[in-house]
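Structural characterization, general
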Amino acid sequence: MTESKEPQNVLITDSQHCKEVVSKLNGESVLAVHCLILERRFYGKLTLVLVGTYSGDVYLFDTQENVALFTEGDLRSLLESNNILKVGFFFHTILLHYYLNKLLPRFKDQIER
């Protein structure tokens, strides 16, 4: 019997570490995406982008600590990838559109309307 791997939860604040994780995540076909905002207004400050894999790994990108994760850390390219299906709430695509100035391709709203 093979030993199962425990899912990991990783907080990412460093751009180089972000690049390494994004490189790994680019090999996934489906990712769960969730965003947390600091303020409760519609366009509050984006503080965390959570990305989950099918195997249960969760990566927390702390964009409040380091907004350069989007550019220097390649997080933007991961979110904009046409090769990965992103699953989450439609509201998060609007929030990310506000920050990235681009609608996310291949984003599936997890709530059927």
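Relevant structure appears above.
Notes on the structure in this doc start here.

Here the focus is the overall build of the chain. Secondary structure assignment for the chain yields three helices and six strands. Helices and strands in the chain line up, N terminus first, as β-α-β-β-β-α-β-α-β. Across the 113 residues in the chain, those meeting the buried criterion constitute 42%. A separation of at least 24 residues holds for 53% of the contacts in the chain among residues at least 6 apart in sequence. For the chain, the accessible surface area stands at approximately 6,900 Å², while carbon and sulfur atoms represent 52% of it.

Another aspect to go through is the environment of I37. Of note, I37 is situated in strand β2 (residues 30-37). A C-alpha to C-alpha distance of 7.0 Å links I37 and L48, two positions eleven residues apart in sequence.

Generally speaking, soluble globular proteins have nonpolar side chains that are buried together. Ranked by internal contacts, the top residues of the largest apolar core, which has 18 residues, are I12, L25, F61 and L75. For this core, the secondary-structure elements that each account for two or more residues are β1 (9-12), α1 (15-25), β2, β3 (46-52), β4 (58-62) and α2 (75-79). With four residues, the single largest contributor to this core is α1. In contact with L75, not counting residues within four places along its chain, are C18, V22, V49, F61, T63, L69 and F70.

The next thing to look at is unusual backbone geometry. Of note, D74 is a non-glycine position whose phi angle comes to about 65°, a positive value. Looking at the secondary structure, you find D74 in the loop between β4 and α2.

Attention now goes to the pairing of β1. On β1, burial follows the alternation: V10 and I12 on one face are buried, whereas N9 and L11 on the facing-out side are not. Bridging between β1 and β4 involves four bridges; their strand directions are parallel. Within β4, the residue paired with L11 across the bridge is L60.

Moving on to the side chain of D57. In this structure, D57 sits in the loop between β3 and β4. Owing to a relative accessible area of 3%, D57 belongs among the buried residues under this scheme. Within the structure, D57 has its side chain in polar contact with the backbone nitrogen of Q8 (distance 2.9 Å).

With that settled, the discussion passes to the pattern of salt bridges. Counted according to the given criterion, the structure contains one salt bridge. Across the salt bridge formed by R76 and E80, the nearest N and O atoms sit 2.9 Å from each other.

You can see S15 is positioned in helix α1. What makes S15 buried here is its relative accessible area of 12%. S15 has contacts with N66, A68, L69, E72 and G73, leaving out every residue within four places of it along the chain.

The rules behind each value
- Residues numbered from 1 in each chain as written.
- Predicted model: local features only at pLDDT ≥ 70, side-chain atom pairs only at ≥ 80, totals over all residues.
- Heavy atoms only, no water.
- Helix = DSSP H or I, 4+ residues; strand = E, 2+ residues; numbered from the N terminus.
- Buried < 20%, exposed > 50% of the residue type's maximum accessible area, 1.4 Å probe, protein only.
- Contact = heavy atoms within 4.5 Å.
- Areas by Shrake-Rupley, 256 points an atom, 1.4 Å probe, with all protein chains shown as cover.
- Core = buried A, V, L, I, M, F, W, Y, C linked by side-chain atoms within 4.5 Å.
- Pairing = 2+ DSSP bridges.
- Polar contact = N/O pair within 3.5 Å; in protein donor to acceptor, adjacent residues only side chain to side chain.
- Salt bridge = Lys/Arg side-chain N within 4 Å of Asp/Glu carboxyl O.

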